[in-house]
Amino acid sequence: MKNQLIVAVSSMLLLASCSILNKTEKIEEVDLGEITVKSDNPLEYQPSETRINDLIHTKLDVKFDWPNAHLYGRANLTIKPYFLPTDSLWLDAKGFEIKEINLVAKNGAETSLSYAYTDNMRVRINLGKTYTRNDTYQIAMTYIAKPNELEEGGSAAITSDKGLYFINPNGEEANKPKQIWTQGETEASSCWFPTIDAPNEKMTQEIYMTVDTQYVTLSNGLLLFQTENGDGTRTDYWKQKLPHAPYLAMMAVGEFAVVKDSWRNIGVNYYVEPKFEEHAKEIFPHTPEMLEFYSKKLGVDYPWEKYDQIVVRDYVSGAMENTTGVIFGEFAQGDHRYLIDNSAEDVVSHELFHHWFGDLVTCESWSNLPLNESFATYGEYLWREYKDGKMWADYHIAQDLMSYLRESKRKQVDMIRYYFDNKEDMFDSHSYAKGGRILHMLRNNLGDEVFFEGLRVYLEDNKYQAVEIHQLRLAMEKVSGQDLNWFFNQWFLASGHPVLDISYAYDEDLGLQFVTVEQTQNLKSTPLYRLPVAIDIYHENTITRHEIEVTKERQIFEFKSATKPILVNFDADKYLLCEKIDHKKNLRSWVTLYERGTLFEDKKEAILALSTENDTLAARTIIQALDDRFWGIKEVAIYSLENAINLLPNLTKERLVALAQFDEKSSVRAAAIDVLATDFKGGNDFRFIFNNGLNDSSYVVVATSLYALYETNKEEGLAAAERMEQSDNIDIISIISEIYAGETDAKYQTFYEAAMTRTSGFDRYGVLAGYADFIKGQNALYMGKSLETFKKSALIENAWWMRMVATNAILEMNKSINSNLNKLDKKIDNTVDETALSNLKEDKNNHQKVANKLQEAITEIKAKETNTRILEAIEKAK
Ligand SMILES: [Zn+2]
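Residues numbered from 1 in each chain as written. Predicted model: local features only at pLDDT ≥ 70, side-chain atom pairs only at ≥ 80, totals over all residues. Heavy atoms only, no water.

Peer 1: Is there a simple way to think about the packing of helix α23 (residues 749–758) against helix α24 (residues 764–776) in this case?
Peer 2: Pairs of packed helices are described in terms of their axes, by the angle between the two and the distance that separates them. Across the interface, α23 lies against α24 with an axial gap of 10 Å and an inter-helix angle of 150 degrees. By the angle between their directions, the pair α23 and α24 is classed as roughly antiparallel. As for how α23 packs across α24, the hand of that crossing is left-handed. Contacts from Q749, Y752, E753, A755 and M756 in α23 reach R764, V767, L768, G770, Y771, F774 and I775 in α24. Across the contact of α23 with α24, the residue classes tally to 8 nonpolar, 2 polar and 2 charged. (Axes fitted to C-alpha atoms, helices over the stretch in contact; angles between N-to-C directions. Helix = DSSP H or I, 4+ residues; strand = E, 2+ residues; numbered from the N terminus. Parallel < 35°, antiparallel > 145°, perpendicular 65-115°, else oblique. Left-handed = near helix turned anticlockwise from the far one by under 90°. Contact = heavy atoms within 4.5 Å. Nonpolar A, V, L, I, M, F, W, Y, C, P; charged D, E, K, R; others polar.)

What follows is the structure, encoded as structure tokens:
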């Protein structure tokens, strides 16, 4: 799974930071700590699921009741005892109405079995006799799955866990198609079919899906045939002959355009909403090339029968690696102009790489989740490295490091952790970002040849099986011939990271360069690390590399150097996962690092260090970096110009003005516009650039320009916003929402009302949050007008945190109106003038009407809501 809410959270960031540029940041960087579920219980040991029975095959026959959001199912499960004999079977079956459970004899005859289903979560079936591991038996369950009647859980990582989702089932929402889709990870497949819902289980499957004929279906494996039933329905038969874990099972139903592509001899299809049909290959860029690249790089060909990708509405995460049927949230879908700034390429590569790491070889328990997610995250790196070069890949992985380090401020846990509150907590920046970096270090330590051969052996030895972290170590040891306990112990089985303090001294008499490395992390909670690392020593015409190994709390390394080096570059490969303080590098050495360093991190480190120097050479170097060959460096430089703006204002301005207008990369143009608007006095001078930016090919540039105009010339900014209110683009709608949120003129309410109906899913977040801010500044009349909209959102949004925003808006309005009512009561008590009194009473009457409606809405929300956080908020507001 790709960590969720890429789009929604970018909107949150947008609102929080007034800068659309943060859109490129990832979800992991958003601190959702406040929503952590607290538990008074000590953490429990989380073992892998005990294997009593082994599920071999699942055959499902399903049809859907849209209005009630029910699934009518019949499941035939083929099972055998795992090792020891048993006379009973536990199945996960969440929130089902079970009609019957039968034993199916070889000849097809069925006999009813007794069962207990007391907690609505697991059913214990009495098999009527004891089976041994040499037996195989089959049971059939007829049931109704009722996902919407389950209590809702979920987490910061996955917003919901009801497994099966009916989107706009009664067609109430304009501009939103009717769809059905599933989300199995972590253990929610058992919300739509009975199974042993654990990642160490593997099964083959076939599904008969009966739907109205206008709908397209998608599931795992191949669509083998379709049968018209003559009653307006059709039954599609999907079969996957290779085994996978139950959480990877999927279904989707809706009106989709299916765009066909292929790789070698298998089908590669893209399912998008019909209006995006012509953009399908751009929505899922380079998929066949990725299949070829990963197959070759890993030495293990893509093993599955086909590869399909689909975009659905109101998805509860970013994307999910269901075997051969990857689901993406709607953030992935758009026209060419949208895709300029919002390519899902890294998500496409992430989910595809999971088809080896996660789908083919699966973590045996959620405690071992990094075996899925760290690899998928590193798959993003490998693809970028191949397709766009090491600079771009390093830029990408640098963001992972930042994301993990940010998370580490509030959370440091073992990568492989057997103690946690909630399995959803595993989907954090540790499992993704830190793990990707750890694999990058392992590759650097072992070298490419050993590392990739190690991955091949790991995949071959463990295919179609579940693994724990030791299997990865053993494969790497087998290939390398090295003991790797030290690496796995310190990185995968411990928490924290090295915090290094590096200082330098040169002794002219001895001709020695000293490098002192101290590990200053808290050694009570964090290991003392063993860190093989390279040090490059720069002279005028040479760079000499020294390989060292940091192993102690404090170590001094010495290197012969007849003359004082210009630069000593610690961790020359910039591969360590660490925090570091690099002392006593002087200005000249930073300039050298920028000019002669070849890595993204070399240049970035240099620019950031130079940005703190109030010096013309430093400023000139950063200005020079504005024209770097790599756009990522340009962006770092654009945001490091504070001193340069003071020291060399005209030169800086000239370069920025050029970048803002002519750089080929939209994110660079937008960054330049942002800095011109916020960091220069007299931003009004750049109005022509901002006005031109309103016509840019990139929506992000348009939105940034619009905000820049508003910041520097409110009148013109508002006028432009009003002209663009009809835009369909979410970046523009969100920026207008942000602009109007700070305005008091009630006329802007019509924009919000319209925008709420024109957006949906996570895209609506920016509008919803802006509207909630805006309405606070309005009077009872306008609050009353907004109520239906907020109420609808509070009742129907799929993501609980969006329902929370809507509910909070209603609670806030309620508070404000009640406070006004109190004030009016006091005024009425103190007023004698008849006309004034009558006006006040009418005012009170109007307020009371709105107050009553608000109260009704709160009661209605409370009755329908199952999310405890929202219910708590309602309770607290009383
Ligand atoms: Zn993933």
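Peer 1: What am I meant to see in the pattern of salt bridges here?
Peer 2: Scanning the model with the defined rule gives 52 salt bridges in all. K176 serves as the salt-bridge partner of E173, at 3.1 Å between the closest nitrogen and oxygen. Of the two residues, E173 and K176, neither departs from the other in class, the shared state being buried. A salt bridge links K791 to E860; the shortest N-O distance between them is 3.1 Å. Of this pair, K791 sits in helix α25 (residues 780–796) while E860 sits in helix α27 (residues 834–864), placing them 69 residues apart in sequence. What makes K791 buried here is its relative accessible area of 16%. (Salt bridge = Lys/Arg side-chain N within 4 Å of Asp/Glu carboxyl O. Buried < 20%, exposed > 50% of the residue type's maximum accessible area, 1.4 Å probe, protein only.)

Peer 1: Quick question: what am I supposed to make of the coordination of the zinc ion here?
Peer 2: For a metal bound by four donors in a tetrahedral arrangement, the ideal donor-metal-donor angle is 109.5 degrees, while six donors in an octahedral arrangement ideally sit at 90 or 180 degrees. Within the protein, the atoms that donate to the zinc ion are M1 (N), M1 (O), H350 (NE2), H354 (NE2) and E373 (OE), at distances of 2.0 to 2.5 Å. Positions of the donor residues of the zinc ion along the chain correspond to the pattern M-x348-H-x3-H-x18-E. Here M1, found in the segment before α1 (6–17), pairs with H354, found in helix α5 (residues 345–354); they are 353 residues apart in sequence, far enough to count as distant. For M1, a relative accessible area of 0% puts it in the buried group. Overall, the relative accessible area of 0% leaves H354 in the buried class. (Donors = N, O, S within 2.8 Å, 3.2 Å for Na, K, Ca; no water.)

Peer 1: I tried to follow the sheet that holds strand β26 (residues 512–519) on my own but got confused; where do I start?
Peer 2: Within a sheet, adjacent strands bond to each other through the backbone by hydrogen bonds, running parallel or antiparallel. The 4 strands are arranged β29-β26-β25-β31 in an open sheet whose pairing can be described as mixed. The strands lining the two open edges of the sheet, one partner per strand, are β29 (554–560) and β31 (579–582). Sheet twist, expressed as the average angle between the axes of neighbouring strands with direction ignored, equals 20 degrees. Bridge count for strand β25 (residues 499–507) against β26 is 8 bridges, and the pairing is antiparallel. In the strand pairing of β26, L500 is matched with Q519. (Pairing = 2+ DSSP bridges.)

Peer 1: Explanation requested: the packing of aromatic side chains in the structure shown.
Peer 2: Scanning all chains against the criterion turns up 58 aromatic pairs. Ring geometry for F96 against Y143: centres 4.6 Å apart, planes inclined by 10 degrees, an arrangement best described as stacked. Of this pair, F96 sits in strand β5 (residues 96–104) while Y143 sits in strand β9 (residues 137–145); the two residues are 47 residues apart in sequence, bridging distant segments of the chain. Accessibility expressed as a relative area gives 5% for F96, which makes it buried. Ring centres 5.1 Å apart and planes at 40 degrees place the aromatic pair Y752 and F774 in the tilted group. Of this pair, Y752 sits in helix α23 while F774 sits in helix α24, and the two are 22 residues apart along the sequence. (Phe/Tyr/Trp six-rings, centres within 6.5 Å; stacked < 30°, edge-to-face > 60°.)

Peer 1: What's the story with the pairing of β26 in this structure? I'm lost.
Peer 2: Across a regular strand the side chains alternate sides, sitting on one face of the sheet and then on the other. When you tally the buried positions in β26, you get 7 out of 8 residues, the bulk of the element. Taking the residues that link successive antiparallel strands as the turn, the β25-β26 hairpin has 4 residues, and the phi of G511 there is positive, at about 65 degrees. By the bridge criterion, 7 bridges tie β26 to β29 in an arrangement that is antiparallel. Of the residues in β29, the one forming a bridge with L512 is K560.

Peer 1: In this structure, what is going on with the state of the cysteines? I would like to understand it.
Peer 2: Disulfide: a covalent bond formed between the sulfur atoms of two cysteine residues. The final tally for this structure, using the stated rule, is 0 disulfides. The closest cysteine sulfur to the non-disulfide-bonded C363 is located on C191, 18 Å from its own sulfur. (Disulfide = S-S within 2.5 Å.)

Peer 1: Please clarify how the environment of L718 should be interpreted in this entry.
Peer 2: Within the secondary structure, L718 sits in helix α21 (residues 714–723). Dropping the residues within four chain positions of it, L718 is found in contact with Y710, I739, Y740, E743 and Y748.

Peer 1: What is the right way to read the confidence of the model for the protein from this model?
Peer 2: Predicted coordinates in areas of low pLDDT are best not read in detail. Chain-level statistics for the protein give a pLDDT mean of 93 and a share of 95% at 70 or above. The low-confidence segment residues 4–39, where pLDDT is below 50, has 87 contacts with residues more than four positions distant or belonging to other chains. (pLDDT = per-residue confidence, 0-100.)

Peer 1: Any chance you could explain helix α3 (residues 287–298) here in plain terms?
Peer 2: Structurally, the α-helix is built with 3.6 residues per turn, so residues lying three or four positions apart point the same way. Taking 1.5 Å as the rise per residue, α3 with 12 residues should run 16 Å; its terminal C-alpha atoms sit 16 Å apart, in good agreement. Along α3, the residues classified as buried are T287, P288, M290, L291, F293, Y294, S295 and L298. Buried residues belonging to α3 abut β17 (257–263), β18 (266–272), β19 (307–311), α5, α6 (370–388) and α9 (448–462). After α3 finishes, the residue G299 shows a positive phi value of roughly 70 degrees. (Expected span 1.5 Å × (residues − 1).)

Peer 1: Help me understand the nonpolar core in this model?
Peer 2: Within soluble globular proteins, side chains that are nonpolar generally end up buried alongside one another. Grouped together as the largest cluster of nonpolar side chains are 274 residues, with contacts concentrated most on F64 and I139. Counting residues per element, this core draws most heavily on helix α26 (residues 800–829), at 12 residues. (Core = buried A, V, L, I, M, F, W, Y, C linked by side-chain atoms within 4.5 Å.)

Peer 1: Explain the sheet that holds strand β7 (residues 114–116) to me, please; I cannot follow it from the model alone.
Peer 2: An order of β4-β8-β7 is seen for the 3 strands of this open sheet, with the pairing classed as antiparallel. This sheet does not close on itself; its edge strands, each paired only once, are β4 (86–92) and β7. The average angle at which neighbouring strand axes cross in this sheet is 30 degrees, direction not considered. Of the strand pairs in this sheet, β7 and strand β8 (residues 122–131) are connected by 3 bridges, and their pairing is antiparallel. From the neighbouring strand, S114 faces β8, where its bridge partner is N126.

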